[in-house]
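# A look at the structure
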Amino acid sequence: MPDGFTSHEANAVMWVVYHNHGTTHVFATTESIALARFMAKYPDYQVRDIKRK
């Protein structure tokens, strides 16, 4: 199953998640899906911001 970080839907865009350990790029169609995928992989990280790239 794709993890959302390396595989993505055809119409997905890259989101940059700013968190307490730096930044991570997540591919998703919406901001809420990007955030959900990030939190599923890194549940202990604190998200500071998320921006469309």
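For the structure itself, consult the block above.
These figures come from a predicted structure and were not determined experimentally.

## Describing the pairing of strand β2 (residues 22-28)
- As paired strands, strand β1 (residues 13-19) and β2 are joined by seven bridges and run antiparallel to one another. When the bridges of β2 are listed, Val17 appears paired with Thr24.
- Between β1 and β2, which pair antiparallel in sequence order, lie two residues.

## Notes on the environment of Thr23
- Within the fold, Thr23 resides in strand β2.
- Note: C-alpha distance between Thr23 and Val47 (24 residues apart in sequence) is 9.4 Å.
- When residues no more than four places from it in sequence are discounted, the contact partners of Thr23 are Val16, Val17 and Tyr18.

## Describing the pattern of salt bridges
- Under the counting rule described, the total for this entry stands at two salt bridges.
- Across the salt bridge formed by Arg37 and Glu9, the nearest N and O atoms sit 2.7 Å from each other. Highlighted residues: Arg37 in helix α1 (residues 31-41) and Glu9 in the segment before β1, separated in sequence by 28 residues.
- Classification of Arg37 by relative accessible area gives partly exposed; the value is 21%.
- Take Glu9: its relative accessible area is 30%, and that puts it in the partly exposed class.
- Measuring nitrogen to oxygen at the nearest pair gives 3.6 Å for the salt bridge that ties Lys51 to Asp49.
- Taking the relative accessible area as the measure of exposure, Lys51 reaches 44% and is therefore partly exposed.

Parameters at a glance
Residues numbered from 1 in each chain as written. Predicted model: local features only at pLDDT ≥ 70, side-chain atom pairs only at ≥ 80, totals over all residues. Heavy atoms only, no water. Pairing = 2+ DSSP bridges. Helix = DSSP H or I, 4+ residues; strand = E, 2+ residues; numbered from the N terminus. Contact = heavy atoms within 4.5 Å. Salt bridge = Lys/Arg side-chain N within 4 Å of Asp/Glu carboxyl O. Buried < 20%, exposed > 50% of the residue type's maximum accessible area, 1.4 Å probe, protein only.

Purely spatial values, then, with no claim about function.
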